[in-house]
Structures are given as structure tokens and as C-alpha cells.
Amino acid sequence: MKPLIARIFGVISWGLIKVRALPFGGAFSLVLIVGVLYDTGMAKAPEPFEIIRDTDSEIDCIARGKTIEALFDNALRVVASIIKPEAIAPSGIRIPNPIGFIMDRGKKRRERISVEAVDINSLLVSFLSEVLTRATMLNAVFTSLSLQRFGDSFLEGHLAGVAVESFDREIQAVEEGAVDIKKNPETDLYETKLVFSI
């Protein structure tokens, strides 16, 4: 943690705005400090996903979303970040031309997807398993999900991504026992743990 003086100086150098107003015919300046909470880390929003453990045989992650649909989209990004990290920016945001080769050399792919399961947790596992199967069959990395129909036991929509020559890593399976979608009261986001066998 930064010393308080360094943090304050960082906030001041980063977040000063000078506003001019003319009350009562005179001019004065009002200095506003913006971004104090963000710069000091007190209000930093959680990432859409994070990898919490990475070994030769297993990767543990947390996926989050404001809605369960957003959590599914971010879980898709987790898969993309593992099999082809260049497809996803470090913050989990899709980028149109990462390092100039995936999008330049890869043909865009759009695939219809329909999955059914007994509950929302097994739906996420079935969805990610179907994504991995299609990624392997089509040599593609999928980075976006648009849903037309969604419920606790079904989803229908489209996957978007690009064709690639190879994957950096291959995921063998999604472990169903780790998935437990719940709303975190501290962040007000839906989240779940994901465990991938490599």
C-alpha cells in the first residue's frame, strides 16, 4: 500500500479539474478533486474474471457479472483467455486487434448455440463444454455471447470469435462440482468459481 502522502500526491496530480464561475460579478476558481476513491483503491470494481490458481494440470478462476447472462459471457472470456490469451485484454475486455495477429489472420466465426440442462450451474458447465468442443472442432476462439433466449435450464444464442491456427493451451474438461452461481452481497455481482482440467 502506498504511503498516504504519495497517494494524495498521485490523486492531486491525476484528478484536479479547474472550474471557473462568475457569481456576483467576480471570478473565482474552484478546484475539485475527482477520482480519490478510485485512485486510492477504495472503490475499485472487481474484474469480470480472474485466474486465482494456475498449475500444469488445473486452472481455478472466478467469473463475475452484473447479471447471470453477463456471468456466462465472462465465463466464455475465461475460456478464451486460457486457450488463446491474445484474444482477451488483461482486464477481460475484448479487444478488436490483440497484438495484431489473431484478428488480422483469423477468419471471423459466428456460431449458433443451444444448450439445455437441469439447473443454472449445470447449464454453465454444459455451455462451456459445448464452447470447448466447438473451439476444438472449428479451430476457433469464441470471445462473445449474444443470447436470444435464456433461463435457469436453457440458453439459445450466438457465439462470436475468430479462427486460429493453434491454441496456446487446451482445456480437457470443466469440473461441474466447483460451479455454484450466487450473488455476492459485497459486490452486488453474480459470481462462481470455475475449475478447468488442463
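Summarised in this report is the structure supplied together with it.

Here is what the cut-offs are and how they apply
- Residues numbered from 1 in each chain as written.
- Predicted model: local features only at pLDDT ≥ 70, side-chain atom pairs only at ≥ 80, totals over all residues.
- Heavy atoms only, no water.
- Helix = DSSP H or I, 4+ residues; strand = E, 2+ residues; numbered from the N terminus.
- Buried < 20%, exposed > 50% of the residue type's maximum accessible area, 1.4 Å probe, protein only.
- Contact = heavy atoms within 4.5 Å.
- Areas by Shrake-Rupley, 256 points an atom, 1.4 Å probe, with all protein chains shown as cover.
- 1 Å grid on protein atoms, 1.4 Å probe; cavity = no way out; pocket = protein on both sides within 12 Å on 5 of 7 lines; lining within 4 Å.
- Points joined across faces, edges and corners; volume = space filled by probe spheres on them.
- Nonpolar A, V, L, I, M, F, W, Y, C, P; charged D, E, K, R; others polar.
- Salt bridge = Lys/Arg side-chain N within 4 Å of Asp/Glu carboxyl O.
- Polar contact = N/O pair within 3.5 Å; in protein donor to acceptor, adjacent residues only side chain to side chain.

1. Some remarks on the overall build of the protein chain
Phase 1: Looking only at helices and strands, one finds 5 helices and 10 strands in the protein chain.
Phase 2: Scored against the burial criterion, the 198 residues of the protein chain give a buried share of 38%.
Phase 3: Considering only contacts in the protein chain between residues 6 or more positions apart, those separated by 24 or more positions represent 60%.
Phase 4: If you sum the accessible surface of the protein chain, you get close to 11500 Å²; carbon and sulfur atoms cover 56% of it.

2. Considering the layout of surface pockets
Phase 1: The calculated volume of the largest pocket comes to roughly 150 Å³.
Phase 2: Those elements that place two or more of their residues in the lining of the largest pocket are strand S4 (58-65) and helix H3 (68-83).
Phase 3: It is H3 that contributes the most residues to the lining of the largest pocket, 4 residues altogether.
Phase 4: Here the residues of the lining of the largest pocket sort into 4 nonpolar, 2 polar and 4 charged.

3. Quick look at the pattern of salt bridges
Phase 1: Under the defined criterion, the tally for this structure stands at 15 salt bridges.
Phase 2: In this structure, the salt-bridge partner of Arg169 is Asp54, at a minimum N-O distance of 2.9 Å. On the criterion of sequence distance, the pair formed by Arg169 in the loop between strand S7 (154-163) and strand S8 (173-174) and Asp54 in strand S3 (residues 49-54) is long-range, its members being 115 residues apart.
Phase 3: A residue is classified by how much of its surface remains accessible, and Arg169, at 26% relative accessible area, is partly exposed.
Phase 4: The closest approach of N and O atoms between Arg149 and Glu156, which form a salt bridge, is 2.8 Å.
Phase 5: One network of salt bridges, in which partners are shared, links Arg53, Glu58, Asp60 and Lys193.

4. Side note on unusual backbone geometry
Phase 1: Even without being glycine, Asn139 reaches a positive phi, approximately 50°.
Phase 2: Mapped onto the secondary structure, Asn139 falls in the loop between helix H5 (120-138) and strand S6 (140-150).
Phase 3: One non-glycine residue, Asp188, lies in the positive phi region at around 60°.
Phase 4: Relative to the elements of secondary structure, Asp188 occurs in the loop between strand S9 (182-184) and strand S10 (189-197).

5. Quick word on the environment of Arg77
Phase 1: Along the chain, Arg77 turns up in helix H3.
Phase 2: Distance in space between the C-alpha atoms of Arg77 and Phe49 is 8.0 Å, their sequence separation being 28 residues.

6. Overview of the side chain of Lys84
Phase 1: Looking at the secondary structure, you find Lys84 in the loop between H3 and helix H4 (102-105).
Phase 2: The class of Lys84 is buried, set by a relative accessible area of 5%.
Phase 3: Reaching out from Lys84, the side chain makes a polar contact with the side chain of Asp168 at a distance of 3.2 Å.

Functional significance is not addressed by these values, which are geometric in nature.
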